[in-house]
Every structure is written in C-alpha cells, then in structure tokens.
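Coordinates in review
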Amino acid sequence: MAGRIYLSPPHMSGAELSLVQQAFAENWVAPAGPHLAQFEEHFCAYTGAPYAVALVSGTAALHLALMGVGVQRGDEVMVSTLTFAGSVNPIHYLGALPVFIDSEPRFWNMDPNLLEDALKTRARRGKLPRAVLPVHLYGQAADMDPIRAMCAHYGVPIIEDAAESLGSRYRGEHPGTLGTAGVFSFNGNKIITTSGGGMLVSGDQRLVEVARKLATQAREPVPHYEHQEIGYNYRLSNILAAIGCAQLQVIEERVQRKRAIHAVYQAQLGALPGLTFQEEAPYGRHTRWLTVLRVDAAQFGMDREQIRLHLEAHNIESRPVWKPMHCQPVFQDYEVVGGQVAESLFRDGLCLPSGTALTEDQLALVTGLVRRLHSHPAVAFLRAR
Ligand SMILES: *Cc1c(COP(=O)(O)O)cnc(C)c1O
C-alpha cells in the first residue's frame, strides 16, 4: 500500500541482488550451494555459535531443536506465555505439552522465579519437563543466568527462542548461544530477513548434524535414496541464503538504527503521562527490534486500542503486544504459571513502527499524532474521520 507506514518491513542493504545474481550465474538455484554454507559460517562468526544449520523458518528450527533434545509425546516443555505462536506450535507438533510461564514485569521475559516454582513442583512430582524454552522478546534477552542455573540444577536442557533478538546481548554474549540450542528467524518482519528463513545453532555438533539430516528428508549418506527415519523438507534455499549473507553484513547498522528510532520515541513520548516503554535490562543490549509502548489509559486519557486506531486512520501500522499463549483458544487447556503480567502487557502494550528505513519525517508524523491525541483528543479524532 503506497504511503503506508509498516511496523517492521524488510530493509535491503543493496548488496543482496548482486549475491543473488552470483548464485544465478553459477546456477546455484538449489537447496544447497556455497551461499548456504557461507551464511551458516558468517552467522557462527557473528554470534559466536559453534555450529549452525540454516532452515526454512524459525518455526522449523524450533521443531528440530526440540527433537534434538529428545522431546517426545507426553513430555512437558516450559515456555514463555508472552510470545508468538511460532514458539509453541512446534511443541504441539511433537505431541508434547506446553506449560506457560508468565513474564517478569520489568523486562517482560520469562520470570525466573515462576520457572523455579514450576520446576520445583515438577521435581516433587517426579517428572521434570523435557526442555525449558525462554523467548527473548522484542530484541531483549531473557535473564539467562538464573534460568541456566536452575536448568543445570535439574538437568533440563534449554532451547532459546531468539527469533526476535538477533543482535542483542546478554552479559556480552548473544542470546541464542546460551542454552543447549538456539533458534533465529529471518521472516520478513525480523531485524534481518531472507523473506523467510531460520537458523538453528548449538554447541553440540551432533545435534546440529542430526537436524541437518532431518531437514533434508533424513536421507542416509549413501548414493541411492536410503531412509531409516522420518525426515522433513526444512532446508533453506541457496538463493535465500545469498540474501541472508548480504543482510548479515548490516546487522550492527540495523541495531544502531533501531535503537536510534527508539530514542526518538522515548524523547518525544516518554514524558507524556501514562506512557512508558519496555525497560532495557542492565545485563545487555536491547536491539529495540520493536519499540513497545505501555499505555496507562487512566493517565493518558485514551487506551492502547484508541491510539492504534488513530494511527491506523492515518495509514500507520501498529500492533498490540503478543496475546499471551495461555489466552489463546487453541492453547486454553494447558497449564499457566502466573499469567497476569502477560495479560496486562497485552491489554496496554502497543508496538510502534520500528522499521530501520523509517525517515525522520515519518517518525515525527507518528510521534506527532500520539502527542496531539494526548493534548487535543477530540480534535485529533475528528480529523481522522
Ligand atoms: C518470528 C517468530 C518465530 C517464528 O519464526 P518464523 O521464521 O516466522 O517461523 C518464533 N518465535 C518468535 C518469538 C517469533 O517472533
């Protein structure tokens, strides 16, 4: 749609086409090729992950990561409730049962205290979860030290959903590289994109090699087609990996721009009554993949939805914070530990346009609309109609 301001659209660096052309010239229009290997190599170099396999999506990466730590039918997996369904669907693919853990109120990621309660209860009952799956939300790492200590204590592997947090840091390290396995997404709205794609990383070479095999229909390494187990068609194509190679070169620029956009929102809106932003945790860099606003309707004079509709009337896309998984009809039968923090974030939270290609004028338009909504609510609404 012409002129529309999107939440987080793709932002090409300009180098993608030449790499794709190179792949075409060498006829690597295949689900294998040099760009694929290079994308994995460069991804490892950037994140410090020892091993990586590039896949068709973050969801596929999670599916294979869960298989990699042995999740089976009837097992429990403890997962953040405040997340996208892509974090949870793969648990269901395996017939396993999600146990939803609420967020902590300051930084919004999995609450280590609630996780500890849940693990203790399970330990008493004698059946621990097969995995713990913290999500690094909106560009900010979860507090991994206490989560790692607890999981080490109980011997439960951690799979990190870092789909939204490439480029962020946790005590100097990359979220996604702190557990047994980590997954990333290159969907069109993520901080870098291959239009669609994902990455599974691990320090366990075997886990990654098993995933690589499962991702290519579990073909045995013999000349004919031999299969001893059920596989998937989950490998990223070489063409898309070429896009990924170019995108990865600008990841640090993208993080800087996301943070600069956030700083503008903070400066323009942060002092208005009732508006607050997701706090940056002291333990590491928030990428501000999305800038997320919390709206106290009583103080601001309008609620989150009124702001969203007002922006929408001006052809500006904003979105409510993720609807918690324990509130989703499809997952309503599963247990949730806590839940009120995530529910209140869904009620009050609004993701603002955060695309790295946003111009200063577009940013000023968005902040101006929100500011006027506060100072002249009636006038602002009339103009929109
Ligand atoms: C985007 C996303 C996914 C899924 O990634 P896809 O590449 O779209 O499959 C999983 N978890 C979270 C938290 C995400 O934001």
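Residues numbered from 1 in each chain as written. Predicted model: local features only at pLDDT ≥ 70, side-chain atom pairs only at ≥ 80, totals over all residues. Heavy atoms only, no water.

**Concerning unusual backbone geometry**
Positive phi values are uncommon outside glycine, yet Ala 218 reaches one of about 50°. Along the chain, Ala 218 turns up in the loop between helix 7 (205–214) and helix 8 (238–248). Among the residues examined, Ala 218 registers a relative accessible area of 0% and is labelled buried. The phi torsion at Arg 288 lies on the positive side, around 55°, for a residue other than glycine. Among the structural elements, Arg 288 can be located in the loop between strand 8 (275–277) and strand 9 (291–295). (Helix = DSSP H or I, 4+ residues; strand = E, 2+ residues; numbered from the N terminus. Buried < 20%, exposed > 50% of the residue type's maximum accessible area, 1.4 Å probe, protein only.)

**A look at the sheet that holds strand 2 (residues 76–80)**
Read from one edge of the open sheet, four strands run 4-2-3-11, paired in parallel fashion. The open sheet has two free edges, formed respectively by strand 4 (131–133) and strand 11 (336–337), since each of these has just one partner strand. (Pairing = 2+ DSSP bridges.)

**Some remarks on empty space enclosed by the protein**
Taken as a whole and judged by the stated rule, the model has one cavity of 30 Å³ or more. Approximately 60 Å³ is the volume attributed to the largest cavity. Taken together, Ser 8, Pro 9, Pro 10, His 11, Asn 189, Lys 190, Ile 191, Ile 192, Gln 247, Lys 258, Gly 355 and Thr 356 make up the full set of residues lining the largest cavity. Of the residues that constitute the lining of the largest cavity, the class distribution is four nonpolar, six polar and two charged. Residue-level mapping places the lining of the largest cavity at the junction of two domains, with at least three residues from each of domain 1 (16–248) and domain 2 (251–384). (1 Å grid on protein atoms, 1.4 Å probe; cavity = no way out; pocket = protein on both sides within 12 Å on 5 of 7 lines; lining within 4 Å. Points joined across faces, edges and corners; volume = space filled by probe spheres on them. Nonpolar A, V, L, I, M, F, W, Y, C, P; charged D, E, K, R; others polar. Domains from an automatic or database assignment.)

**Comments concerning the site of the ligand**
Near the ligand there are 15 residues, and of these Thr 59, Asp 161, Glu 164, Ser 185 and Lys 190 occur at the shortest range. In the model, a nitrogen atom of the ligand is placed 3.3 Å from a nitrogen or oxygen of the Ser 87 side chain. Measuring from an oxygen atom of the ligand, one finds a side-chain N or O atom of Glu 164 at 2.7 Å. Within the complex, 94% of the 380 Å² of free accessible area of the ligand lies under protein. Among the cavities detected, the one that contains the ligand is the second largest pocket. In terms of residue class, the shell around the ligand is built from three nonpolar, nine polar and three charged. (Near = heavy atom within 4 Å. Polar contact = N/O pair within 3.5 Å; in protein donor to acceptor, adjacent residues only side chain to side chain. Areas by Shrake-Rupley, 256 points an atom, 1.4 Å probe, with all protein chains shown as cover. Sits in = over half its atoms within 2 Å of the grid points.)

**Digging into helix 2 (residues 34–47)**
Here helix 2 spans 20 Å end to end across 14 residues, near enough to the 20 Å set by a 1.5 Å rise per residue. Three or more residues of helix 2 are buried, namely His 35, Leu 36, Phe 39, Glu 40, Phe 43, Cys 44, Tyr 46 and Thr 47. The first or second residue beyond helix 2 is Gly 48, which carries a positive phi of 80°. (Expected span 1.5 Å × (residues − 1).)

**Describing the pattern of salt bridges**
The tally for this structure, following the rule as stated, stands at 23 salt bridges. Across the pair Arg 259 and Glu 280 runs a salt bridge, and its minimum N-O distance is 2.7 Å. With a gap of 21 residues between them, Arg 259 in helix 9 (residues 251–269) and Glu 280 in the loop between strand 8 and strand 9 connect regions that are remote in the sequence. Owing to a relative accessible area of 31%, Glu 280 belongs among the partly exposed residues under this scheme. Via salt bridges that share partners, Glu 40, Glu 209, Arg 212 and Arg 235 belong to a single interconnected network. (Salt bridge = Lys/Arg side-chain N within 4 Å of Asp/Glu carboxyl O.)

**Quick look at the domain arrangement of the protein chain**
On domain assignment, one finds that the protein chain holds domain 1 (16–248) and domain 2 (251–384). A separation of 27 Å is found between the C-alpha centroids of domain 1 and domain 2. Carbon and sulfur atoms supply 63% of the area that domain 1 and domain 2 bury against each other, a total of about 3,800 Å² over both sides. Linking domain 1 to domain 2 there are three salt bridges. For the salt bridge of Arg 169 with Glu 252, the shortest nitrogen-to-oxygen distance reads 3.3 Å. Connecting domain 1 to domain 2 are 30 residue pairs in polar contact (both at pLDDT 80 or more). Breaking the side of domain 1 that touches domain 2 down by element, the ones donating at least two residues are helix 4 (89–93), strand 3 (97–101), helix 5 (112–125) and helix 8. Tallying contributions element by element places strand 3 first for the side of domain 1 that touches domain 2, with five residues. When its residues are assigned to classes, the side of domain 1 that touches domain 2 shows 24 nonpolar, 11 polar and nine charged. (Buried area = accessible area lost by both parts, 1.4 Å probe.)

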